[in-house]
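Given next are the chains, with one letter for each unit.
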Amino acid sequence: MGYLIEYAKSDRSTCKGPKKGCVSENHTIAKGSLRLGVETDINGTNRVTWRHWLCTTPKVLANMREAMTEPEEIHGFDTLKDEDQERIRAAWSEGELPQDEEAEGKGSQGEEEEAASSKDTESSKKDDK
């Protein structure tokens with residue numbers, strides 16, 4: 001099992017983190033949002049399941065810490081912005097996301113979701129004309 005961290009390349013992936021408390025009402029990961037992937041092998045097929053970084057649970061962090069010795073080993077870590085690398089290092093050392101990051105991120109993630117939703121609404125209005 002491997003772990004990946006990256007900014008979402010599109011808005012097509014769905015968060016497989018905890019359904020209750022997800023930072024997105026519809027569980028969609030907005031393009032450009034920080035996301036964590038877990039690679040699994042199901043019946044010989046490699047699969048990646050994604051979750052918002054802010055939907056990362058202490059259990060997931062514990063599993064990552066068992067599999068690796070430091071967060072820099074997460075595939076894609078070196079491509080992240082410095083501030084996001086620091087966020088991951090902090091969560092790694094604490095074993096959970098800092099409370100202020102969870103509260104702050106849920107607000108900003110929601111704003112990203114609203115912006116994407118607003119664009120969809122405007123686009124469908126144009127299609128109706």
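This write-up is about the structure you can find in this document.

What counts and what doesn't
- Residues numbered from 1 in each chain as written.
- Predicted model: local features only at pLDDT ≥ 70, side-chain atom pairs only at ≥ 80, totals over all residues.
- Heavy atoms only, no water.
- Salt bridge = Lys/Arg side-chain N within 4 Å of Asp/Glu carboxyl O.
- Helix = DSSP H or I, 4+ residues; strand = E, 2+ residues; numbered from the N terminus.
- Buried < 20%, exposed > 50% of the residue type's maximum accessible area, 1.4 Å probe, protein only.
- Pairing = 2+ DSSP bridges.
- Phe/Tyr/Trp six-rings, centres within 6.5 Å; stacked < 30°, edge-to-face > 60°.
- Lys NZ or Arg CZ within 6 Å of the ring centre and 35° of its normal.

Let's shift gears to the pattern of salt bridges. A side chain of one charge can pair with a side chain of the opposite charge if their charged atoms are brought near each other. A complete count under the given rule lists five salt bridges for this structure. Between D84 and R87 there is a salt bridge whose closest N-O contact spans 2.7 Å. Here R87 and D84 lie together in helix α2 (residues 82-94), a separation of three residues that amounts to about one turn. For D84, a relative accessible area of 7% corresponds to the buried category. Residue R87 is classed as partly exposed on the basis of its relative accessible area, which comes to 27%. One salt bridge in this structure joins E86 and R89, with 2.7 Å as the shortest N-O distance. Within this pair, E86 and its partner R89 are both found in helix α2, separated by three residues, close to a single helical turn.

The next thing to look at is the pairing of strand β2 (residues 34-42). One ladder, built from six bridges, connects strand β1 (residues 2-7) with β2; its direction is antiparallel. Looking at β2, one finds that E6 is bridged to R35. Examined bridge by bridge, β2 and strand β3 (residues 45-52) share eight bridges and lie antiparallel to one another. Bridge pairing in β3 places G37 opposite W50. Linking β2 to β3, which pair antiparallel, is a turn of two residues; within it N43 sits at a positive phi near 50 degrees.

Our focus in this paragraph is the packing of aromatic side chains. In this structure the tally under the stated criterion is zero aromatic pairs. The ring of W50 has R35 sitting right over it, with the charged end atom 3.7 Å from the ring centre. Of note, K81 hangs over the ring of Y7, and the distance from its end group to the ring centre comes to 5.5 Å.

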